[in-house]
Amino acid sequence: MTDPHAPDPHAPDPHEPDPNAPEGTRAPSSPAEPLAQPPRGWSRRTILGTALLIAFFVAVGLFAAWTVTPGPDEEALARPTDADVVIAGGAPLAWDPAVIADGISAQVLAQVYEGLTVLDAGSEVRPALAESWRLEDGGRRLVFELREGAAFSDGSPLTAADVRRSWLRVIDPSAPSPLSSVLDDVRGAAAYARGEGSADAIGLRADGQTLTLEFERPASFFTAVAAVPTLAVVPPGIETSSRGPQGGVEIVASGPYVPVEQASGRIRLQANDRYWAGPPAIDRITIVTDDGGRSSVDVFEDGAVDWTDISPADASWIRYDRRLGPQLRHIEEMAVQYLGFDTTEPPFDDPAARRAVAMAVDWRRLARLDGEGDPAPTSIVPPGISAGGAGGAADYLLPYDPEAARAELAAAGFPGGVGFPAVPLTTYGVGPASAIAAELERELGLAVTVESRPFDEHSALLAADTPAMWTLSWSADYPHANSFLGLLLRSGSSANMGGWSDVEYDGLIDAAAATDDATAQERLYHEAQSIVREQAPVIPLDYGSRWWLSREGLRGAQVSGVGIQRHADLAWADR
Amino acid sequence: MSSARAVGLRALLLAAALLLAVLLPAAAEADVVFGQPQAEGSFGETVAFSTTFRTSQRPLRVELLTRLPGGGAERVELAAVEPTGAEGWRAAVYRGGHIVPNTNWQFRFRVVTEDGSFTGPLGQHAVRDERLEWRVLQGEHVNVWWHEGGEDFGRRALDIAEAALTSASDLLGVGQLAPVDFFIYADTREFREAMGPATRENVGGQAHPAIHTLFGLIEPRQIRSDWIEELIRHELAHLVFHEAVDNPYQYPPRWLNEGLAVYLSRGYSEGDRALVRGAAGGGTIMPLEGLVGNFPTRATRSSLAYAESVSAVDFFVQTYGEPRLVDLITSFADGTGIDEAFVAATGDDFAAFDAAWLSSLGARPPEPYGPREVEPGPVPDAWATNGEALLG
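Predicted, not measured: the structure shown is a model, and the values here were computed from it.

1. Examining the overall build of chain A
Next, step 1: Of regular secondary structure, chain A possesses 16 helices and 19 strands.
Next, step 2: Sequence-distant contacts in chain A: of pairs separated by 6 or more residues, those separated by 24 or more amount to 68%.

Rendered as structure tokens:
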């Protein structure tokens, strides 16, 4: 799914400050740095020794106490008194798993709606609403057995028919999910989503607590797909509550928490007593979705929240801070930020034009300048996921070669850049977009403007009217190469924003997904990624990295590799 | 020739020119004809951007494009659109939240139809802080705005600012700068409201290079103090630093930016030396590696971060000389990485400089306190084994 977490939305990437930075949070390394004010009556001549230094600190404290008058935003940040754990997060764009495709929405909805399986903190597949499963027919059939007595939060029974109904909503041809392609391996599902065929023809049968899936090809990894938040089980009539727990609307949950209120920048969650694993250890959780523009570190330090994402720019000093350092956490996410092209329209329908861009920019250097010491991205598949030598073992990025880039541009019909249309590079405030534009102008003579949109508008634009060139962060929906190579690049996939299509590539991806032979699978993915290298429908820019603060004593505060913090894992060590 | 006839002819020519002005954009931009874009709203208010336009096609979407004087990416937002009659439309964007005073946008609207996208004329809007009655003195490079104190105060501030800007620009080799607006607030609450809700309690000034604007807090009792000089020099140093290193690739480490600003505004003061000595001796010193991004926000740790920064700059100057410091800073303008920049300026990388600075203080390189692993939480009993294994 798209990943606005990369980087922290509270802190724009240093590469790409918010173009209107003075309006909001300044870029971490922006020169718009404040000068500390001296205490009242201070002058440099008055501070001459240790005794006066002590007076200085006392005065600073007095000054601060004198100047700070709590405003509305400060009052709003008081820790909720009716919460056992307070988490700084975002509000979902919709309260319907079949509608959303972004990481922030998924983070919230994953607490409310459960799948047949879930990924634990270590990104391992675990049974959830399904008690067990078995693969049959050489991996072409998967049978899930749901838990006897499984129920929604209102006590109504939860059966395999509910799973089928939930999944058919995802591929509803009148309004398919942006992530409908997670079901492409199910026989007839992709055709149904396109408006071809009937629901009865789909390899998805429900019988009591048994759900049987028939696949187009062997799909042994589908137990991980079943954990994708998009495929969570929702109650009948969810359409009436898709705006969330507001105005008296009650939400019926299948997951560990029931949202009971969304108001004033707060979402309140209450433990679901009917959760299949029993009520979670933390009874009441509040998600703070509006911190009044304050620093997330300050909010944490104030005690207003127990868990918050922070920017890498804050992590650098917090590492050495005696109080906050021990509460600092980090994970390398299964996420990639990439540059994509609209491969269906000129000029980037020509692979030569894409290769020109790929070779004109020194992507490895841009990654080094990022300053975080992350590995240079050489594959659309991030490290930690086996995909034919990804993760640094193989290089699927064309070499930096401006001369060759100019030759490719000429081959595409634009010698010296003459005649190349004006194309904006569309982004959402993160990533090295301005640097890319500068490199393209310098090496190829292309005039590329950078347009930055709010994330939700950027996502909607990619789906509705794909721009010529854009950036996006993509987080694994499930820990498998297919979550990148299949969902992002296979022909016809709902997440294939650029519309790239290559028959040979599709064949390799399908064959890799179908085989249980790890060596053969690696070879097939290697061949597939080699095609991506030569065709350059996408260019990896950066891999995902997540920093957060969680209160000491708060157990289970881990984020999984796919970017989900499972609130049901939380517990206070001393309570 | 009668004057009446001459006026009539000029009127006719003017009318023809206006008609052309209307017709030419219409011809060049197919079937979308824009009205003049409007923007309203001062500091503390929602800013409303709007335009009218005519088109025979239903617009697929209408967008507002805004840009700041400092350049960078163009911000694009969807506009709300409503019909105003036959082929007539009105589009508007309402931008709320905190907006720093003197934010000055160039803006325009873009209409996307089945035939393509059509961009309207440019508008301009500045967000003024109208809560106060500002006086202004314009200098060669700086405009000083203040609302408390007499003409002599404004003149003094302007003289300091002009001299500081020239001095810093000469040092870093920065050429002609766009005019800088310097707003001096006299009231803590109004200043803090202007800077935004995330502003720390002990902040006395801010530089916003993207809008060529500096802000300072100088209370009436401080009008004759040294604080004015320090504040103005510090914030102008940031602005000049920004001009000297501006590049699309990366930003230099923050300790270098802050360290230079403190160095040029008050030097490595005894107070800062005492802070750094205390931290080095007490084991609370942060390596420069920890000060490349954001600074701590709490007053005590923030003060230490500033003191360490000027300490490091002073150490650099003492060790390598001021010309090498200038070389180091200006090399970032080419997109040079931090290690490359340090190797070029000192012969060794950033880590070596960090270690040498710590060593000069008698401090051992501190060990990081984090990140740390999360203690596992409770998991369902059913996860003792997975589902597939259960079925054998």
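From this point, things continue past the structure.
2. Examining the overall build of chain B
Next, step 1: Regarding its fold elements, chain B presents 11 helices and 15 strands.
Next, step 2: The C-alpha radius of gyration of chain B comes to 28 Å, more than 25% above the 21 Å expected for a compact globule of 392 residues.
Next, step 3: Taking the principal axes of the C-alpha coordinates as reference, chain B spans close to 90 × 85 × 45 Å.
Next, step 4: Considering chain B as a whole, with its 392 residues, one finds that 45% of them fall into the buried category.

3. Focus: unusual backbone geometry
Next, step 1: The omega torsion of the bond from Pro346(A) to Pro347(A) falls at 5°, within 30 degrees of zero and hence cis.
Next, step 2: When you line up the elements, Pro347(A) lands in the loop between β13 (328-341) and α9 (351-360).
Next, step 3: A cis amide bond links Gly370(B) with the next residue in sequence, Pro371(B), at an omega value of 5°.
Next, step 4: Phi at Ser123(A) takes a positive value of approximately 65°, unusual for a residue other than glycine.
Next, step 5: Looking at the element boundaries, Ser123(A) is found in the loop between β3 (117-119) and β4 (125-127).
Next, step 6: By C-beta crowding, Ser123(A) is classed as buried, having 20 other C-beta atoms within 10 Å.

4. Focus: the confidence of the model for chain B
Residues and elements named next belong to chain B.
Next, step 1: Looking at chain B, the pLDDT average stands at 88 and 90% of residues meet or exceed 70.
Next, step 2: Across residues 387-392, confidence stays below pLDDT 50; counting only partners more than four residues off in sequence or on other chains, it has 12 contacts.
Next, step 3: Confidence metrics for the complex model read pTM 0.85 and ipTM 0.86.

5. Focus on the nonpolar core
Next, step 1: By size, the foremost hydrophobic cluster in this structure holds 277 residues, and its most contacted members are Phe484(A), Leu485(A), Ala157(B), Ala161(B), Leu236(B), Val240(B) and Ile329(B).
Next, step 2: With 11 residues, helix α4 (residues 227-245) of chain B is the largest single contributor of residues to this core.
Next, step 3: In this structure, Ala157(B) is in contact with Val144(B), Trp146(B), Ile184(B), Ile228(B) and Ile232(B), ignoring residues within four places of it in sequence.

6. A few points about the sheet that holds strand β6 (residues 141-146) of chain A
Residues and elements named next belong to chain A.
Next, step 1: Judged by pairing direction, the sheet is antiparallel, and its 4 strands sit side by side in the order β5-β6-β8-β7 without closing on themselves. At either margin of the open sheet sits one strand with a lone partner, and together these are β5 (130-136) and β7 (204-207). Within the sheet, the average angular offset between the axes of one strand and its neighbour, ignoring direction, is 15°.
Next, step 2: Here 6 bridges tie β5 to β6, and the two strands are oriented antiparallel to one another. Bridged to alanine 130 within β6 is leucine 146.
Next, step 3: Taken strand by strand, helix α4 (residues 160-170) contacts β6, β7 and β8 (210-214), and its axis lies near 155° from that of β7.

7. A few points about the pairing of strand β14 (residues 203-208) of chain B
All names here are of chain B.
Next, step 1: For β14, the buried fraction is high: 6 of the 6 residues fall into the buried class.
Next, step 2: Two elements, β14 and strand β15 (residues 213-217), share 4 bridges in a ladder whose sense is antiparallel. Considered in β15, the bridge of glycine 205 is made with glycine 216.

8. Here we look at the pairing of β13(A)
All names here are of chain A.
Next, step 1: Where burial is concerned, most of β13 is hidden: 11 out of the 14 residues are buried.
Next, step 2: Summarising the sheet, β13 and strand β17 (residues 538-550) pair through 10 bridges and their orientation is antiparallel. Counted as the bridge partner of valine 336 is tyrosine 543 from β17.
Next, step 3: As defined by bridge partners, β13 adjoins strand β16 (residues 469-475) across 7 bridges and the pair is classed as antiparallel. Residue pairing for β16: valine 336 is matched across the bridge by tryptophan 474.

9. As for helix α12 (residues 433-444) of chain A
Residue and element names in this part refer to chain A.
Next, step 1: Its 12 residues give α12 an end-to-end C-alpha distance of 16 Å, which sits within 8% of 16 Å, the value for a rise of 1.5 Å per residue.
Next, step 2: In terms of burial, α12 is a largely internal element, 9 of the 12 residues being buried.
Next, step 3: Regarding α12, the residues found buried are Ala433, Ser434, Ala435, Ile436, Ala437, Glu439, Leu440, Glu443 and Leu444.
Next, step 4: Immediately beyond the C-terminal end of α12, within one or two residues, lies glycine 445, with a positive phi of roughly 75°.

Rules and cut-offs
- Residues numbered from 1 in each chain as written.
- Chains lettered and ligands numbered in written order.
- Predicted model: local features only at pLDDT ≥ 70, side-chain atom pairs only at ≥ 80, totals over all residues.
- Helix = DSSP H or I, 4+ residues; strand = E, 2+ residues; numbered from the N terminus.
- Contact = placed C-beta atoms within 7 Å.
- Rg over C-alpha atoms; globule rule 2.2 N^0.38 Å.
- Buried ≥ 20, exposed ≤ 12 C-beta atoms within 10 Å, placed from the backbone.
- pLDDT = per-residue confidence, 0-100.
- Core = buried A, V, L, I, M, F, W, Y, C linked by C-beta atoms within 7 Å.
- Pairing = 2+ DSSP bridges.
- Axes fitted to C-alpha atoms, helices over the stretch in contact; angles between N-to-C directions.
- Expected span 1.5 Å × (residues − 1).

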